[in-house]
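Each chain is listed here by its residues.
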Amino acid sequence: MNRREFLMTTAGMALVGVRGAVAAAARYDLVLKGGHVVDPASGLNAVRDVAIADGKIAAVAATIDAGAAQTVDAAGKYVIPGMIDIHSHAGDTKGGPALNIADGVTGYVDAGSRGADKIDDLVAEVKAGPQQGRVLINLRRTGLLPGGELQDLANADVALARAAIARHRDVIIGIKARLSKNVAGNNDVEALRRAQEIATPFGLPVMIHMGQSVSPLSQLMALLKKGDVVTHLFAPPPEAIIDDAGNILPAVVEARKRGVWFDMGHGRGGHFRWDIAEKVLVAGFLPDTLSTDWTPGGRVAQFVDFPTVMSKLMHLGMTLEQVVACATCNAAQVFPAFRDRGTLKVGATADVALLEMRNGAFEFIDNYDGKQTAKQSLFPVGTVLAGKWIPRPA
Ligand SMILES: [Zn+2]
């Protein structure tokens, strides 16, 4: 729908709302009043009321006066679709999903925490969580190992991984392969080949963790298909996406052209360095998605939470609309499981994040202890999850 059609629809909704007020006291379950709505999927960036009923977005309009069971004053706040974190380890962390909800993250993908051996437990945890979670299965049956799970490929078992996916088609939505030298040694190409072998019969994407690989990045790019995801796009050399002269590698540009996604994956070590991020953005190669690579340790050590990651990219020059798109509608496109989310269009699942932009001096850190001071930062205020208002815990 274009902008004009959108305005017509919201005007119509407002009229329905007024009539509804006469007929029934509480037409809506919840109305977020007077917030600044940023919903890139609708091309909307303006002050609006947002009404929610039966867990869905029911109306978005300049003024919604119909009765609501609950009203939240959102004046002075940004109202955006709940963030979808496509590279997280929240599912494998006790209390992780709830901490993420407090940050405005209403959907996440646990990216490779576990392999076939313990995937049943992880799937059960993720299913029991409050928000929508999905899983990328680690190529290695034992899952992620601190010493590098692909140094020995004997445990990268294709048949076991396929059987795990077949058991959990509703939750496992791809395969994760970490390909840096400290994880895969000389096995990066063969590891990626096996990941694709697992994925093929199911038509699933592979997410690779790039940066500091033994094999040239161009060689790894050639093994990626449409829909695959490259995480850690700001990883410094060796094997960064950009050369010393500031040019994005041709193989990377080609990969994007054929539909490979490029994701941030902030993380803690080896994935995000200020100067590389600056150069990549100057070269005009914006991330498709932002993600945290969330862990409790990273959250404490480097303030790796989603609103801060968005703020870091704004500090580097991306606009609010761009970072919101990366955090919401773009992420929803990458994984079809989230396709009715990442937007505040009428009918979408009512997952909403309320954020506040604060001015001041905020020290941001990269994975190399590099510090920069930003003048603004986004802070979470409250979250709507499937229509239910969850205030930020004090
Ligand atoms: Zn990760």
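Keep in mind the model is a prediction, meaning the values are calculated, not measured.

**As for the overall build of the protein chain**
A count of helices and strands for the protein chain gives 13 helices and 15 strands. Expressed as lengths along the three principal axes of its C-alpha atoms, the size of the protein chain is roughly 70 × 45 × 40 Å. Out of the 394 residues in the protein chain, the part that is buried amounts to 58%. Put simply, 72% of the contacts in the protein chain that link residues at least 6 apart link residues at least 24 apart. For the protein chain, the exposed surface amounts to about 15,200 Å²; the carbon and sulfur share of it is 54%. For the protein chain, the separation between the mean place of its 41 positive charges and that of its 40 negative charges on side chains is 3 Å.

**Let's talk about the coordination of the zinc ion**
With distances of 2.0 to 2.3 Å, the protein atoms coordinating the zinc ion are His87 (NE2), His89 (NE2) and Asp293 (OD). Taken in chain order, the donor set of the zinc ion reads H-x1-H-x203-D. Linking histidine 89 in the loop between β6 (83-88) and α2 (96-102) with aspartate 293 in the loop between α9 (274-282) and α10 (296-302), this pair joins segments that are 204 residues apart in sequence.

**Side note on the pattern of salt bridges**
Under the counting rule described, the total for this entry stands at 19 salt bridges. Residue aspartate 275 is joined to arginine 273 by a salt bridge in which the shortest nitrogen-to-oxygen separation is 2.7 Å. Residue classification places arginine 273 among the partly exposed residues on the basis of a relative accessible area of 25%. Between aspartate 340 and arginine 341 there is a salt bridge whose closest N-O contact spans 3.4 Å. Using a relative accessible area of 19% as the deciding quantity, one classes arginine 341 as buried. Taken together, the salt bridges that share partners define one network made up of Glu190, Arg193, Arg194 and Glu197.

**Remarks on the sheet that holds strand β8 (residues 132-138)**
Reading across the sheet, the seven strands line up as β6-β7-β8-β9-β10-β11-β12 and stay open at both edges, with parallel pairing between neighbours. Lying at the two open borders of the sheet, with one neighbouring strand each, are β6 and β12 (261-263). The sheet shows a mean angle of 25° between the axes of neighbouring strands, direction not considered. Across three bridges, strand β11 (residues 229-231) lies against β12 in parallel orientation.

**Focus on the domain arrangement of the protein chain**
By the assigned domains, the protein chain splits into domain 1 (3-76) and domain 2 (82-338). Each partner contributes residues to the interface: domain 1 has four residues there, and domain 2 has six residues. Both faces considered, domain 1 and domain 2 share a buried interface measuring about 380 Å² in area, 78% of it formed by carbon and sulfur atoms. Summed over the three residues of domain 1 that lose the most area to domain 2, namely Val38, Pro40 and Asn45, the buried surface amounts to 84% of that side. Summed over the shared surface of domain 1 and domain 2, the result is zero salt bridges.

**Quick notes on the pairing of strand β13 (residues 352-365)**
Where strand β5 (residues 78-81) and β13 come together, four bridges link them in antiparallel fashion. Counterpart to tyrosine 78 in the pairing with β13 is leucine 355. Once β13 ends, the chain turns through five residues before running back antiparallel as strand β14 (residues 371-385), passing aspartate 369 with a positive phi of about 65°.

**Points about the packing of helix α4 (residues 158-167) against helix α6 (residues 188-199)**
Close contact between α4 and α6 brings their axes to 9 Å; oriented N to C, the two are set at 40°. Judged by the sense of rotation from one axis to the other, the crossing of α4 with α6 is right-handed. Side by side, α4 and α6 meet where Val158, Ala161, Arg162 and Ile165 of the first sit next to Arg194, Glu197 and Ile198 of the second. Among the residues forming the contact of α4 with α6, the class breakdown is four nonpolar, no polar and three charged.

**Topic: α4**
Those residues of α4 that fall on the buried side of the exposure criterion are Val158, Ala161, Ala164 and Ile165. In a view along the axis of α4, the buried residues occupy a sector of 130°, so they form one face of it. N-cap assignment for α4: the residue whose side-chain oxygen lies 3.1 Å from the backbone N of alanine 159 is aspartate 157.

**Looking at the nonpolar core**
Within the largest apolar cluster, 83 residues are counted, with the highest numbers of intra-cluster contacts made by Met221 and Met310. With residues near it in sequence (within four places) discarded, methionine 221 still touches Ile208, Val230, Ala251, Val252, Ala255, Arg258 and Phe262. Membership of the second largest hydrophobic core comes to 19 residues, among which are Leu44, Val50, Ala348 and Trp389.

**Concerning helix α12 (residues 320-327)**
Judged by how many residues are buried, α12 sits mostly within the fold: six of eight residues are covered. Along α12, the residues that are buried comprise Leu320, Val323, Val324, Ala325, Cys326 and Ala327. In this structure, the buried side of α12 is in contact with β1 (28-39), β5, β6, α11 (306-315), α13 (329-334) and β14.

**Here's the deal with the packing of aromatic side chains**
Under the defined criterion, the tally for this structure stands at four aromatic pairs. Here the aromatic rings of phenylalanine 262 and phenylalanine 285 are separated by 5.1 Å at their centres, their planes lie at 80°, and the arrangement is edge-to-face. Here phenylalanine 285 lies in the loop between α9 and α10 and phenylalanine 262 lies in strand β12, a separation of 23 residues in the sequence. Judged by relative accessible area, which is 0%, phenylalanine 262 ranks as buried. Phenylalanine 285 gets classed as buried once you look at its relative accessible area, which sits at 6%. When the ring of phenylalanine 362 is compared with that of phenylalanine 379, the centres are 5.7 Å apart and the planes differ by 55°; the resulting orientation is tilted. Of the two residues, phenylalanine 362 is situated in strand β13 and phenylalanine 379 in strand β14; the sequence distance between them amounts to 17 residues. Under the relative-accessibility criterion, phenylalanine 379 is labelled partly exposed at 24%. Connected via pairs of aromatic rings, a cluster forms that spans Phe234, Phe272 and Trp274.

Basis of the calculations
- Residues numbered from 1 in each chain as written.
- Predicted model: local features only at pLDDT ≥ 70, side-chain atom pairs only at ≥ 80, totals over all residues.
- Heavy atoms only, no water.
- Helix = DSSP H or I, 4+ residues; strand = E, 2+ residues; numbered from the N terminus.
- Buried < 20%, exposed > 50% of the residue type's maximum accessible area, 1.4 Å probe, protein only.
- Contact = heavy atoms within 4.5 Å.
- Areas by Shrake-Rupley, 256 points an atom, 1.4 Å probe, with all protein chains shown as cover.
- Lys, Arg positive; Asp, Glu negative; His and termini not counted.
- Charge placed at Lys NZ, Arg CZ, Asp CG, Glu CD.
- Donors = N, O, S within 2.8 Å, 3.2 Å for Na, K, Ca; no water.
- Salt bridge = Lys/Arg side-chain N within 4 Å of Asp/Glu carboxyl O.
- Pairing = 2+ DSSP bridges.
- Axes fitted to C-alpha atoms, helices over the stretch in contact; angles between N-to-C directions.
- Domains from an automatic or database assignment.
- Buried area = accessible area lost by both parts, 1.4 Å probe.
- Left-handed = near helix turned anticlockwise from the far one by under 90°.
- Nonpolar A, V, L, I, M, F, W, Y, C, P; charged D, E, K, R; others polar.
- Arc of directions from axis to C-beta.
- Polar contact = N/O pair within 3.5 Å; in protein donor to acceptor, adjacent residues only side chain to side chain.
- Core = buried A, V, L, I, M, F, W, Y, C linked by side-chain atoms within 4.5 Å.
- Phe/Tyr/Trp six-rings, centres within 6.5 Å; stacked < 30°, edge-to-face > 60°.

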